[in-house]
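For reference, the chains in residue letters:
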Amino acid sequence: MKAAVCREFGKPWTIEDIQLAPPGPREIRVKIKACAICHSDISYADGIWGGELPAVFGHEASGTILETGNEVTEFSIGDPVIVTLLRHCGSCFFCSSGEAPLCDSHFPLYDQSPISTLGGETLLQGLRTGAFAEEVVVDVSQAASIPENMPFDSASLLSCGVITGAGAVINTAAMQPGSNAVVIGCGGVGLNCLQGAKIVGADPLIAVDLHPDKLQTAMEFGATHAFSSTEQDLSEKIRTLTQGRGADYVFVSVGNIQAMLQGFELLRRAGTLVVAGMTGVGEKLPLEAIDIGDNAVRIMGSKMGSTDLKRDMPQWIRHYQDGKLKLDELITDRYPLERINEAVEAVRKGNVMRNVIVFD
């Protein structure tokens, strides 16, 4: 079985033969059909968030179930599923509070990676998934069913980018219909923030980014207005569009301190800033503290869009089937596993929405 293995931080992946341990009682083995390249895979492989090597990354995946543990009743062999990094018990404090991505239960896969080389060397299961490979073994909670006729490449995007962006709007912020919103950063997550806000009915819905081509794409994904983040009078333009008040909601989809500070400045009084992007370890956010209380603003973090797979996935699939959620259009290009370094390099350059590794 082939997998793309990262052996040195920041170095290209190498294609190697690997083997998987059999699934445990509450685990499943999935044949991967497609795995999108999320920037989180690259950040981990570059060592920005620490971690260990060697590792197999990839976590935004879809495929079919090959094998189930003897306690799995949710799925059957052959079922089409998405595979995510969301490993959750469903009953701990955080799961019961609607924050499944923060689940603090312990799983056997934390103690022993299921991936190894044919020579017996253990490989880290990157982002709890390791889906830059032909097969994965994951906890049953990490999968959700998809329709038989849904394209696997489009379905894979539901595993991270869509739920992180659109979920930040609908789940984390619980954005009110008819509110106005600003989305800073129009990459994969930002475009899905726009899609979530459009579904809610945001008006106006304003996109902000450095790159003109991304602003054009943002208009295609629901934005009513688009501005460069470098415009000197950006705050005034936002106020003009929002009856002089400022933004009800600002969603920051990138892990960039300046973008977060800019988002804070664009808020109205009693507005809500939602940070869905992840910075590197050690970065600090300097804010004028009095403005937080005096202006009664809310600052919220959003991890994986506060997603509950059982609750949310049927909804996203319906939106896709009804034409309200663009998935096919998010795919920039498709690559075989052997060309993963080429696909990753395109993501690094920032000129793609989502590149997808596809498997025969």
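Refer to the structure printed above.
Residues numbered from 1 in each chain as written. Predicted model: local features only at pLDDT ≥ 70, side-chain atom pairs only at ≥ 80, totals over all residues. Heavy atoms only, no water.

Overview of the overall build of the chain
For the record, the criterion: The numbering of helices and of strands both runs from the N terminus, where a helix is a DSSP run of H or I of at least 4 residues and a strand a run of E of at least 2. The globule rule used for comparison is 2.2 Å times the number of residues to the exponent 0.38, while the radius of gyration itself is calculated over C-alpha atoms. Note on classification: 1.4 Å probe, protein chains only; a residue is buried when its accessible area is under 20% of the maximum for its type, exposed when over 50%, partly exposed between these limits. Any two residues whose heavy atoms approach within 4.5 Å at even a single point are treated as in contact. Calculation of accessible area relied on Shrake-Rupley with a 1.4 Å probe; when residues are assessed, cover is drawn exclusively from the protein chains displayed. Working convention for charge: Lys and Arg count positive, Asp and Glu count negative, and His plus the chain ends are omitted. By convention, the charge on Lys lies at NZ, on Arg at CZ, on Asp at CG and on Glu at CD.
When you go through the chain residue by residue, the secondary structure sums to 12 helices and 18 strands. Taken against the 2.2 N^0.38 rule, which gives 21 Å for 360 residues, the C-alpha radius of gyration of the chain at 20 Å falls within 12% of a compact globule. Counting only C-alpha atoms, the chain reaches 65 × 40 × 40 Å along its principal axes. A total of 360 residues make up the chain; the buried ones form 54% of that total. Sequence-distant contacts in the chain: of pairs separated by 6 or more residues, those separated by 24 or more amount to 68%. As displayed, the chain offers around 15,100 Å² of accessible surface, 49% of which is attributable to carbon and sulfur atoms. Between the averaged position of the 29 positive side-chain charges in the chain and that of its 44 negative side-chain charges there is a distance of 3 Å.

Re the environment of Gln176
Keep this limit in mind: We define a polar contact as two N or O atoms separated by no more than 3.5 Å, with the added condition that, inside protein, one atom must be a possible hydrogen donor and the other a possible acceptor, whereas residues neighbouring each other in sequence contribute only through side-chain atom pairs.
Secondary-structure assignment places Gln176 in the loop between α5 (161-172) and β11 (181-184). Exposure remark for Gln176: the relative accessible area of 46% places this residue in the partly exposed category. Placed 52 residues apart in sequence, Gln176 and Ser228 show a C-alpha to C-alpha distance of 26 Å. Discounting chain neighbours no more than four positions away, the residues touching Gln176 are Val200 and Tyr249. Of note is the side chain of Gln176, whose polar atom sits 3.0 Å from the backbone oxygen of Ala174.

Some points on the side chain of Thr242
Looking at the element boundaries, Thr242 is found in the loop between α8 (234-241) and β14 (247-252). Under the relative-accessibility criterion, Thr242 is labelled buried at 0%. There is a polar contact of 2.9 Å between the side chain of Thr242 and the backbone nitrogen of Gly246. Setting aside chain neighbours within four positions, we find Thr242 in contact with Asn180, Pro204 and Ala247.

Focus on the nonpolar core
It is characteristic of soluble globular proteins that their nonpolar side chains tend to be buried jointly. Threshold: Here, nonpolar core means buried Ala, Val, Leu, Ile, Met, Phe, Trp, Tyr and Cys residues that are tied together by side-chain atoms lying within 4.5 Å of each other.
Grouped together as the largest cluster of nonpolar side chains are 93 residues, with contacts concentrated most on Phe132, Leu158 and Phe251. Dropping the residues within four chain positions of it, Leu158 is found in contact with Ile82, Met150, Ile163, Met313, Trp316, Ile317, Leu325 and Leu327. Residues Val182, Phe227, Val250 and Met260 belong to the second largest nonpolar core, which totals 20 residues.

Examining unusual backbone geometry
For the peptide bond that leads from Leu53 to Pro54, omega is 0°, which places it in the cis range. The peptide bond linking Asp203 to Pro204 adopts the cis configuration, its omega dihedral lying at -5°. When you line up the elements, Pro204 lands in the loop between α6 (188-200) and β12 (205-209). Here the phi dihedral of Ser306 falls at roughly 50°; this positive angle occurs in a residue that is not glycine.

Thoughts on α6
Using the following cut-off: Expected helix span is computed as 1.5 Å times (number of residues minus one).
Here α6 contains 13 residues, and its C-alpha end-to-end distance of 19 Å stays within 8% of the 18 Å for a straight helix at 1.5 Å per residue. Residues Gly188, Val189, Gly190, Leu191, Asn192, Cys193, Leu194, Gln195, Gly196, Ala197 and Val200 constitute the buried set of α6. Once α6 ends, the next one or two residues include Gly201, with phi positive near 105°.

A closer look at the state of the cysteines
Here is the rule we go by: Cysteine sulfur atoms that pair up within 2.5 Å are treated as a disulfide.
Overall, the coordinates contain 0 disulfides when judged by the stated rule. Looking at Cys38, it has no disulfide partner, and the nearest cysteine sulfur is the one in Cys160, 4.0 Å off. When its relative accessible area of 6% is taken as the criterion, Cys38 is described as buried. Here Cys186 stays unpaired: no disulfide links it, and the sulfur of Cys193, its closest cysteine neighbor, is 9.2 Å away. Residue Cys186 is classed as buried on the basis of its relative accessible area of 3%.

Remarks on helix α7 (residues 212-220)
Rules: The arc in question is the one traced by the directions running from the helix axis out to the C-beta atoms.
Within α7, burial applies to Lys214, Leu215, Thr217 and Ala218. The buried residues of α7 all sit within an arc of 160° when viewed along its axis, so they share a single face. Packing partners of the buried residues in α7 comprise α6, β12 and β13 (225-228).

Concerning the packing of α5 against helix α11 (residues 309-321)
As a reminder, the rule being used: Here an axis means a line fitted to C-alpha atoms, over the contact stretch when the element is a helix, while the angle between two N-to-C directions is reported on a 0 to 180 degree scale. An angle below 35 degrees is treated as roughly parallel, one above 145 as roughly antiparallel, one from 65 to 115 as roughly perpendicular, and anything else as oblique.
Between α5 and α11, whose axes approach to 12 Å, the crossing angle comes to 105°. Our classification of the angle between α5 and α11 gives roughly perpendicular. Across the interface between the two elements, Ile163, Ala166, Gly167, Ile170 and Asn171 of α5 pack against Arg311, Asp312, Met313 and Trp316 of α11.

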